[in-house]
Structures are given as C-alpha cells and as structure tokens.
Amino acid sequence: MSSTGVDPSAIGSNTEPECTTPDQSSSDELQDKGFPPQRHAGAIGLGPEYAMGASVSEKLEGLKEEIKGKITGRPELVEHGRELRTGELKRKEKEQADAEDPFSTPGNGQK
C-alpha cells in the first residue's frame, strides 16, 4: 500500500482486513443451545413454511364462498370456504403433495 502524498491520519492503523472464519457450529450444537433446527431455503430467509397461511385474496375468496354457501344452504360450500379462509385447504394440499412419491410411478411420456 503506497502512502505517498497522503496524510498519515487518513490511512489509520490496522487497515488490512482480517480473515476470520465465522463460527461453523453444527446443527446438533445449535439444537443443544436451544435453537430450532435450521430448515431454510437459503440466504434470503424463505423456508419450507413460507406462504403457508392464507393470503388476503384467499381469505376474501373463502369468505365469499362461506356467505354464498350460507345463502344457498349448501354446507359443503360453507366448509370449503372456511378451509380456504383459514388456510386449512392449503395445508391439506401440501400434506397430500408430500405424501405422494414422485418416483414410485412413471409419469407421462416415460416408460
């Protein structure tokens, strides 16, 4: 590093970056400390539970279906609207998708 023509106070002391490695704790050590298991998708913080609740549009659609079912006297429509509004329908769909094994049966075009 060349310091010609520069005031010494502008450079400071200990200007070289230190190469320290972050604490590489294993997940077992973190769980022993009381932290939950690390199940994230990456650095942005989106994990497997991202958007698992009902969105605003789903809540409104569910409320609309509930009211429509109550007016028409169709309890199955009321129940579907309640499940949509509370996010229960999305949870059931996720459980069903998780239960299916995509490798057990061949798909379209495969033999």
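Described in the following lines is the structure provided in the data block. (Residues numbered from 1 in each chain as written. Predicted model: local features only at pLDDT ≥ 70, side-chain atom pairs only at ≥ 80, totals over all residues. Heavy atoms only, no water.)

## Examining the overall build of the chain
Of regular secondary structure, the chain possesses 5 helices and 0 strands. Helices and strands in the chain line up, N terminus first, as α-α-α-α-α. The long-range fraction of contacts in the chain, counting pairs at least 24 apart against all pairs at least 6 apart in sequence, stands at 31%. (Helix = DSSP H or I, 4+ residues; strand = E, 2+ residues; numbered from the N terminus. Contact = heavy atoms within 4.5 Å.)

## Some points on a nonpolar patch on the surface
Taken together, the side chains of Leu 63, Ile 67 and Ile 71 present a nonpolar region at the surface, about 310 Å² in accessible area. With respect to the helices and strands, the residue Ile 71 is situated in helix H3 (residues 56-72). (Patch = residues over 30% accessible without salt bridge, like charges linked within 9 Å, V, L, I, M, F, W, Y side chains within 5 Å. Areas by Shrake-Rupley, 256 points an atom, 1.4 Å probe, with all protein chains shown as cover. Salt bridge = Lys/Arg side-chain N within 4 Å of Asp/Glu carboxyl O.)

## Comments concerning the pattern of salt bridges
Evaluated as defined, the whole model comprises 9 salt bridges. Here Glu 83 and Lys 92 are joined by a salt bridge, their closest N and O atoms 2.7 Å apart. Its relative accessible area of 37% is what places Lys 92 among the partly exposed residues. With a shortest N-O distance of 2.9 Å, Lys 94 and Asp 98 are connected by a salt bridge. Here the residue Lys 94 and the residue Asp 98 both occupy positions in helix H5 (residues 88-99), the gap between them amounting to 4 residues, near one helical turn. (Buried < 20%, exposed > 50% of the residue type's maximum accessible area, 1.4 Å probe, protein only.)

## Here's the deal with the packing of helix H4 (residues 75-86) against H5
Interaxial distance between H4 and H5 falls to 4 Å at its minimum, and their mutual angle equals 85°. As the angle between them shows, H4 and H5 are arranged roughly perpendicular. Here His 80, Glu 83, Leu 84 and Thr 86 of H4 lie close against H5, whose contacting residues are Glu 88, Leu 89 and Lys 92. Class assignment of the residues belonging to the contact of H4 with H5 gives a composition of 2 nonpolar, 2 polar and 3 charged. (Axes fitted to C-alpha atoms, helices over the stretch in contact; angles between N-to-C directions. Parallel < 35°, antiparallel > 145°, perpendicular 65-115°, else oblique. Nonpolar A, V, L, I, M, F, W, Y, C, P; charged D, E, K, R; others polar.)

## With respect to the side chain of Glu 66
For Glu 66, the location among the structural elements is in helix H3. When near neighbours in sequence (up to four residues on either side) are disregarded, Glu 66 contacts Leu 77, Val 78, Gly 81, Arg 82 and Arg 85.

## Examining the side chain of Glu 83
As for its placement among the helices and strands, Glu 83 is situated in helix H4. Excluding residues that lie within four positions of it along the chain, Glu 83 makes contacts with Glu 88, Leu 89 and Lys 92.

Function cannot be read off these values alone, since they describe shape.
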